[in-house]
Amino acid sequence: MVTPKHILGTFDEALSALRNNVLMMAGLTERSLERAMKGLFTRDDNLCVTAIADDEEIDQLEMQIDKDGVAILLRFQPVASDLRRVVSAMKLSSNLERLGDQATNVARRARKLNQHPPLSEVDLIVPMRDKAMAMFKDSVDAYVREDVELARAIVPRDQALDELNRVVSRKLIQRMSQERDQLRGYLNLMFVARALERVGDHATNIAEDAVYAAAAEDIRHPSLTASV
Amino acid sequence: MATPEQRVTERVEGAAQPTASSEPAPKLTFEAKNVSIWYGQKRAIDNVSLNILSKAVTAIIGPSGCGKSTFLRALNRMHELTPKTRMEGTVLLHGENLYSKTVDPAIVRRRVGMVFQKSNPFPTMTIGENVVVGLRLNGVRNQKFLNERLEKSLRMAALWDEVKDDLHKPGTSLSGGQQQRLCIARALAVEPEVILMDEPCSALDPIATAKIEELINELKAQYTIVTVTHNMQQAGRISDYTAFFYLGKLIEFGPTTAIFTNPTERQTEDYITGRFG
């Protein structure tokens, strides 16, 4: 459904600029996460350094989106779907910034791992990466396309990712007790797994915000919804 | 025989209390059913049914000419003062048909007070006289009663402290915001059951507007308030329920928070977000 033009052209422009910045931030975050993961799996320090450097631009966009969002609230006092768009854009930027931080965490751990001989247990991370990155991409897609069903489906996927993280952590702890001289390496892999688990959490937050933006429905904490 | 003072008190107490003391207070103040209003050939209101809840603020919004003021006026039969007006449907006030042949429009307007867009204190009267003029017209002569009601009404209108030493001065000597509160005090003096407000803040500066808005918030503890406003933010701030009118039709009615975050009708969404026409 095409949204008719606002009677104030400046409002449409401001809303459109806000959305474009969110989309740009999502794109940069995705690139940074992919670089960090590739840096880990291909043992490429340069990619890791680039992923860490990407974070600055992501942080700048977070501040810009907050500033623009506050300016829109102040100048235009949006309501209904416009209000939801501004609020969700500001919440999305906060989650994207934290996703950028997770990319930095993965890249830092990868650089540490790269200083030592490769560990075969890095393969344990692959299914977690696949799930977490797919969740992230789908959550942004759901937000962009206002696809409520896609967004809703992300929430249960986070539980699967959490379970996977528990399994991977158990295996790594087991390996730690078996090979004590690789303790540091296994610990770094556990932090990578933990970062991917957090990627899933932020993707879930974005999906929840996507549902709010599109359908004005708060799907967080379903057990509390009835009492609010 | 009851004195005018007793009659005023009895009427107000009778209205304020439910018929049997054990029954809960009625939840609906107005029930408008299939209301249509014509000015000559022009249909200003088209088959509107709307329930107004008691002791809450209901805001009526919509573009110019959508019939919101006409509907407001139909709630105290004030639209009948316009020539060539015709109405169909019924409006119940606490279950009683306001348009029954046995009902005197003057009594309706006493029970359902009104505050207008532009403050309109009687120019030849003092501040004090302006407040109690309704009681005097009802035959109340007891000065003690009038003085008590004068102070009570001005206090409720949050004006007493500003004018208590100037009650003898002309009502028109007050500022615009004070004059509007004086008009609210005048409406309150006859202790109506409902207060209708037709864009009560549109001629006021932000500070005077804030005082009226705060007053509306305080008054709703005791009164049912229906207000027409062009100011969407104001509707969002002051009202519990919002009704959106367009081309004489009621498009949507519901809790204000719902209307302003997630309206169900596309026309409402387009209007409140500024995408109309």
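Everything below is about the structure printed above this text.
Definitions and limits used
Residues numbered from 1 in each chain as written. Chains lettered and ligands numbered in written order. Predicted model: local features only at pLDDT ≥ 70, side-chain atom pairs only at ≥ 80, totals over all residues. Helix = DSSP H or I, 4+ residues; strand = E, 2+ residues; numbered from the N terminus. Contact = placed C-beta atoms within 7 Å. Nonpolar A, V, L, I, M, F, W, Y, C, P; charged D, E, K, R; others polar. Axes fitted to C-alpha atoms, helices over the stretch in contact; angles between N-to-C directions. Parallel < 35°, antiparallel > 145°, perpendicular 65-115°, else oblique. Left-handed = near helix turned anticlockwise from the far one by under 90°. Buried ≥ 20, exposed ≤ 12 C-beta atoms within 10 Å, placed from the backbone. Expected span 1.5 Å × (residues − 1). Core = buried A, V, L, I, M, F, W, Y, C linked by C-beta atoms within 7 Å. Pairing = 2+ DSSP bridges.

**Examining the overall build of chain B**
Summing up its helical and strand segments, chain B has 11 helices and 10 strands in all. A principal-axis box enclosing the C-alpha atoms of chain B has dimensions of 55 × 45 × 40 Å. Within chain B, contacts between residues separated by at least 24 positions form 69% of all contacts whose residues are at least 6 apart in sequence.

**A few points about the overall build of chain A**
Of the regular secondary structure elements, chain A holds seven helices and zero strands. Helices and strands in chain A line up, N terminus first, as α-α-α-α-α-α-α. Projecting the C-alpha coordinates of chain A onto the three principal axes gives extents of approximately 65 × 40 × 25 Å. Residue pairs at least 24 apart in sequence account for 80% of intrachain contacts in chain A once pairs closer than 6 positions are excluded.

**Regarding the interface of chain B and chain A**
If you look at the interface, chain B gives 13 residues, while chain A gives 16 residues. Mapped by element, the contributors of at least two residues to the side of chain B that touches chain A are α9 (232–238), α10 (256–261) and α11 (266–272) of chain B. When the residues that make up the side of chain B that touches chain A are grouped by side-chain class, the tally is four nonpolar, six polar and three charged.

**What about the packing of helix α1 (residues 9–41) of chain A against helix α2 (residues 45–76) of chain A?**
Residue and element names in this part refer to chain A. The interhelical angle for the contact between α1 and α2, taken along N-to-C directions, is 160 degrees, at an axis separation of 9 Å. The orientation of α1 with respect to α2, classified from their angle, is roughly antiparallel. By crossing handedness, the relation of α1 to α2 is classed as left-handed. Taken together, the residues that form the contact of α1 with α2 break down as 18 nonpolar, seven polar and eight charged.

**Here we look at the environment of Lys131(A)**
Residue and element names in this part refer to chain A. Tracing the backbone shows Lys131 in helix α4 (residues 125–145). Overall, Lys131 belongs to the buried group, with 21 C-beta atoms counted inside 10 Å. A sequence separation of 33 residues divides Lys131 from Leu164, and the C-alpha atoms of the two residues are 9.6 Å apart. With sequence-adjacent residues up to four places away left out, Lys131 is seen in contact with Arg157, Ala160, Leu161 and Leu164.

**A few points about α2(A)**
An α-helix turns once every 3.6 residues. As a result, residues three or four positions apart point the same way. Taking 1.5 Å per residue as the helical rise, α2(A) with its 32 residues ought to reach 46 Å, and the 47 Å between its terminal C-alpha atoms agrees with that figure. Those residues of α2(A) that sit buried are Leu47(A), Cys48(A), Ala51(A), Ile52(A), Asp54(A), Ile58(A), Leu61(A), Glu62(A), Ile65(A), Asp68(A), Gly69(A) and Ile72(A).

**Digging into the environment of Asp181(A)**
Position of Asp181(A) relative to the elements: it lies in the loop between α5 (148–178) and α6 (183–215). Distance from Asp181(A) to Ala53(A), taken between C-alpha atoms, is 31 Å for residues 128 residues apart in sequence.

**Things to note about the nonpolar core**
Counting 132 residues, the largest nonpolar core has Ala36(A), Val106(A), Ile60(B), Ala185(B), Ile195(B) and Leu196(B) as its most contacted members. By residue number, the principal contributor to this core is α6(A), which donates 15 residues.

**Some remarks on the pairing of strand β3 (residues 57–61) of chain B**
Residue and element names in this part refer to chain B. With five of its five residues buried, β3 lies for the most part within the structure. Neither face of β3 is left uncovered, since the one carrying Val57, Ala59 and Ile61 and the one carrying Thr58 and Ile60 both have all their residues buried. Strand direction decides the pairing type here: β3 and strand β8 (residues 224–228), joined by four bridges, are parallel. Following the sheet pairing, Ile60 is matched in β8 by Val228. In the sheet, β3 pairs with strand β9 (residues 241–246) via four bridges, with the strands oriented parallel. Residue Ile61 lies in a different strand from β9, and its bridge partner there is Phe244.

**Notes on the pairing of strand β10 (residues 249–255) of chain B**
Within a regular strand, side chains alternate between the sheet's two faces. Residues and elements named next belong to chain B. Sheet topology places β9 next to β10; six bridges connect them, and they run antiparallel. When the bridges of β10 are listed, Phe245 appears paired with Leu250. What sits between the antiparallel neighbours β9 and β10 is a turn of two residues, in which Leu247 has the positive phi angle 50 degrees.

**Observations regarding the sheet that holds β9(B)**
Residues and elements named next belong to chain B. The mixed open sheet is built from six strands, whose spatial order is β6-β7-β8-β3-β9-β10. Taken across any chain shown, the strands that pair with only one partner, and hence form the sheet edges, are β6 (112–115) and β10. Sheet twist, expressed as the mean angle between neighbouring strand axes with direction ignored, is 20 degrees. Relative to strand β7 (residues 194–198), β6 is paired through four bridges, and the arrangement is parallel. Note on β7: the bridge partner recorded for Gly113 is Ile195. Most of the contacts of helix α7 (residues 176–189) go to β6, to which it runs at about 170 degrees, and overall it touches β6 and β7.

**Some words on helix α3 (residues 80–114) of chain A**
Along its 35 residues, α3(A) runs 51 Å from first to last C-alpha, staying within 8% of the 51 Å computed at 1.5 Å per residue. Of all 35 residues making up α3(A), 26 are buried, and the element is well covered by its neighbours.

**Notes on unusual backbone geometry**
Even without glycine at this site, Glu146(A) takes up a positive phi of about 50 degrees. By secondary structure assignment, the location of Glu146(A) is in the loop between α4 and α5. At Ala158(B), a residue that is not glycine, the phi angle is positive and equals roughly 55 degrees. On the basis of neighbour count, Ala158(B) is assigned to the partly exposed category, with 18 C-beta atoms found within 10 Å.

**Examining the sheet that holds strand β4 (residues 85–93) of chain B**
Residues and elements named next belong to chain B. Pairing in this open sheet of four strands is antiparallel, and the strands run β2-β1-β4-β5 from one edge to the other. At either margin of the open sheet sits one strand with a lone partner, and together these are β2 (42–53) and β5 (96–97). In this sheet, β2 lies alongside strand β1 (residues 28–39) in antiparallel orientation, the contact comprising eight bridges. Residue pairing in the sheet places Phe30 in a bridge with Ile52 of β2.

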